[in-house]
Amino acid sequence: MFYTRVSSSLKLLKMSSAPDLQRFQSRADQADQIISSLKQQLAGLRSAAVVNACEKEVSILSEENEKLRKEVESLKRNLIRAETRNGVTQVPLPSRAASAPSASEPAKEVEAEKKVEAKPDEKKNAKKDAKPKKEKKQPVEDSAPVDISRLDIRIGRIVSAKNHPDADTLFVEDVDVGEATNRTILSGLVKHVPLEQMQNRLGVFVCNLKPTKFRGILSQGMIMCAETKEQIELIDPPPGCVPGDRVEFDGYPGTPDAQLNPKKKVWEQIQPDLRIDDNGVATYKGVPFTVEGKGICKSATMRNSPIK
């Protein structure tokens, strides 16, 4: 009795679940088809991507190869020209006759280059022969008389002075000569004038000498002194002078040079006529150093001595 009931229940369960199992199976088959289709599409996309990448790489390599080919051809032509210049006979290969230049072409190019190079020289030589040499113009200052008017002599104030770091006999002076900025002037007075007497002191300066370096420091002028073998003394301006005042000489009205040319030896020709006279007055050929409206320049103690 019990067995009969169980068998009936199983039959009923099978009959009721059969449609559901068929639906599940059908859906499973559809899913397998979709997965298979997606796999095929994915494989196609991968293949297309690889092809595109390969095509790009091939294109890049082709461009680089073309550049290299052109460079090689250019180097070959240069080599052929160089060998032709040096007398090396060129024998072209038949297989490359279309692409490689023949031996005669470089030779012609070399000959043409030589002709082009020769023509400028011929023209230059022709111009030289045709035109006479021009005489160099002499500077205007060469025709000017060599006298004291050529020197730019001014009153200056030594704002400060110190010893040269690399020369035991030199002072380095910061000097106001009436310009926008002070000048650096070196003087060999260490053994003759105490350093404290060089501070804030007026003096007479030559301001148009060519600047010259002394042990690495550029000197932009020269202080004028009465000088003998035994003694050196600064020339004193007259009272009331200020930096920038001009020192003038009666009878010598010329304009100073902007800068003396060392090759013309102007200073060397003027200096022998500069002297301190018997009254201590600084003179040029007997004419006093004069600052207009203020007086004459003198040496405090020295008499009848050269000025340097």
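Criteria and thresholds
- Residues numbered from 1 in each chain as written.
- Predicted model: local features only at pLDDT ≥ 70, side-chain atom pairs only at ≥ 80, totals over all residues.
- Heavy atoms only, no water.
- Helix = DSSP H or I, 4+ residues; strand = E, 2+ residues; numbered from the N terminus.
- Contact = heavy atoms within 4.5 Å.
- Areas by Shrake-Rupley, 256 points an atom, 1.4 Å probe, with all protein chains shown as cover.
- Buried < 20%, exposed > 50% of the residue type's maximum accessible area, 1.4 Å probe, protein only.
- Pairing = 2+ DSSP bridges.
- Polar contact = N/O pair within 3.5 Å; in protein donor to acceptor, adjacent residues only side chain to side chain.
- Core = buried A, V, L, I, M, F, W, Y, C linked by side-chain atoms within 4.5 Å.
- Phe/Tyr/Trp six-rings, centres within 6.5 Å; stacked < 30°, edge-to-face > 60°.
- Salt bridge = Lys/Arg side-chain N within 4 Å of Asp/Glu carboxyl O.
- pLDDT = per-residue confidence, 0-100.

Engineer: In this structure, what is going on with the overall build of the protein? I would like to understand it.
Structural biologist: Broken down by element type, the protein carries 3 helices and 16 strands. Considering only contacts within the protein whose residues lie at least 6 apart along the sequence, 66% involve residues at least 24 apart. Put simply, the protein shows about 21600 Å² of open surface, and 55% of that area lies on carbon and sulfur atoms.

Engineer: Quick question: what am I supposed to make of the pairing of strand β4 (residues 201–206) here?
Structural biologist: Looking down a regular strand, the side chains alternate between one sheet face and the other. When you tally the buried positions in β4, you get 6 out of 6 residues, the bulk of the element. Residues Arg201, Gly203 and Phe205 of β4 are buried on one face, and the alternating residues Leu202, Val204 and Val206, pointing to the opposite face, are buried as well. With 6 bridges joining them, strand β1 (residues 153–163) and β4 adopt antiparallel strand pairing. Counted as the bridge partner of isoleucine 158 is arginine 201 from β4. Sheet topology places β4 next to strand β7 (residues 222–223); 2 bridges connect them, and they run antiparallel. Residue pairing for β7: valine 206 is matched across the bridge by methionine 222.

Engineer: What's the story with the sheet that holds β1 in this structure? I'm lost.
Structural biologist: Pairing between the strands of a sheet is mediated by backbone hydrogen bonds and can be parallel or antiparallel. Spatially, the 5 strands line up as an open sheet ordered β3-β2-β1-β4-β7, and their pairing is antiparallel. Taken across any chain shown, the strands that pair with only one partner, and hence form the sheet edges, are β3 (183–187) and β7. Bridge analysis of β1 against strand β2 (residues 171–176) gives 6 bridges, and the strand direction is antiparallel. Among the inter-strand pairings, serine 160 is bridged to a residue of β2, identified as aspartate 174.

Engineer: How do you make sense of the environment of lysine 294 when you look at a structure like this?
Structural biologist: As for its position among the elements, lysine 294 is in the loop between β13 (290–291) and β14 (295–296). Taking relative accessible area as the criterion, lysine 294 reaches 31% and is therefore assigned partly exposed. Apart from the residues lying within four places of it in its own chain, the contact partners of lysine 294 are Pro238, Pro239, Gly240, Cys241, Val242 and Asp245. Only 3.3 Å separates the side chain of lysine 294 from the backbone oxygen of glycine 240, close enough to count as a polar contact.

Engineer: Help me understand the nonpolar core in this model?
Structural biologist: If you look at soluble globular proteins, the nonpolar side chains tend to sit buried side by side. In this structure, Ile153, Val204, Met224, Leu274 and Phe289 are the most contacted members of the largest nonpolar core, which totals 28 residues. When residues of this core are traced back to their parent elements, those giving at least two are β1, β4, α3 (266–270), β10 (274–276) and β11 (282–284). Counting 15 residues, the second-largest nonpolar core is a separate cluster that includes Ala161, Val175, Val193 and Leu234.

Engineer: Whenever I open this one, the pairing of β3 confuses me. Can you help?
Structural biologist: Within β3, 4 of the 5 residues are buried, leaving the element largely enclosed by the surrounding structure. As consecutive antiparallel partners, β2 and β3 are separated by 6 residues, and within that stretch glycine 178 has a phi angle of approximately 85 degrees, a positive value.

Engineer: Help me understand the packing of aromatic side chains, please; the structure alone is not making it clear to me.
Structural biologist: Tallying each qualifying case throughout the model produces 3 aromatic pairs. Look at phenylalanine 249 and tyrosine 284: their rings are 6.4 Å apart centre to centre, the planes differ by 75 degrees, and that puts the pair in the edge-to-face class. One end of the pair, phenylalanine 249, is in the loop between β9 (232–236) and α3; the other, tyrosine 284, is in strand β11, with 35 residues separating them in the sequence. Put simply, the rings of Phe249, Tyr252, Tyr284 and Phe289 touch in pairs and so form one group of aromatic residues.

Engineer: Even after reading the chapter, I still don't get the sheet that holds β9, so can you show me in this structure?
Structural biologist: Reading across the sheet, the 3 strands line up as β8-β9-β15 and stay open at both edges, with antiparallel pairing between neighbours. Looking at which strands have only one partner, the edges of the open sheet turn out to be β8 (225–227) and β15 (298–299). Bridge count between β8 and β9: 3 bridges; the pairing is antiparallel. Residue pairing in the sheet places alanine 226 in a bridge with glutamate 233 of β9.

Engineer: Can you walk me through the side chain of serine 305 in this structure?
Structural biologist: Here serine 305 lies in strand β16 (residues 305–306). Look at serine 305 and you get buried, because its relative accessible area is 1%.

Engineer: For this particular structure, what's the right way to read the pattern of salt bridges?
Structural biologist: Pairs can form between side chains of opposite charge whenever their charged atoms are close. What the rule picks out here adds up to 9 salt bridges. Linking glutamate 66 and arginine 69 is a salt bridge whose minimum nitrogen-to-oxygen distance equals 2.6 Å. Taken as a pair, glutamate 66 and arginine 69 lie in helix α1 (residues 2–85) at a separation of 3 residues, close to a single helical turn. The partly exposed category is assigned to glutamate 66, whose relative accessible area is 34%. Here arginine 69 falls in the partly exposed class, since its relative accessible area comes to 42%. One salt-bridge network, held together by shared partners, links Asp152, Arg154, Glu179, Arg183 and Arg246.

Engineer: How do you make sense of the confidence of the model for the protein when you look at a structure like this?
Structural biologist: Predicted coordinates in regions of low pLDDT should not be interpreted in detail. Put simply, the protein has an average pLDDT of 82, and 74% of its residues get 70 or more. Across residues 95–100 the pLDDT falls below 50, and counting only partners more than four positions away or on other chains, this stretch makes 3 contacts in the model.

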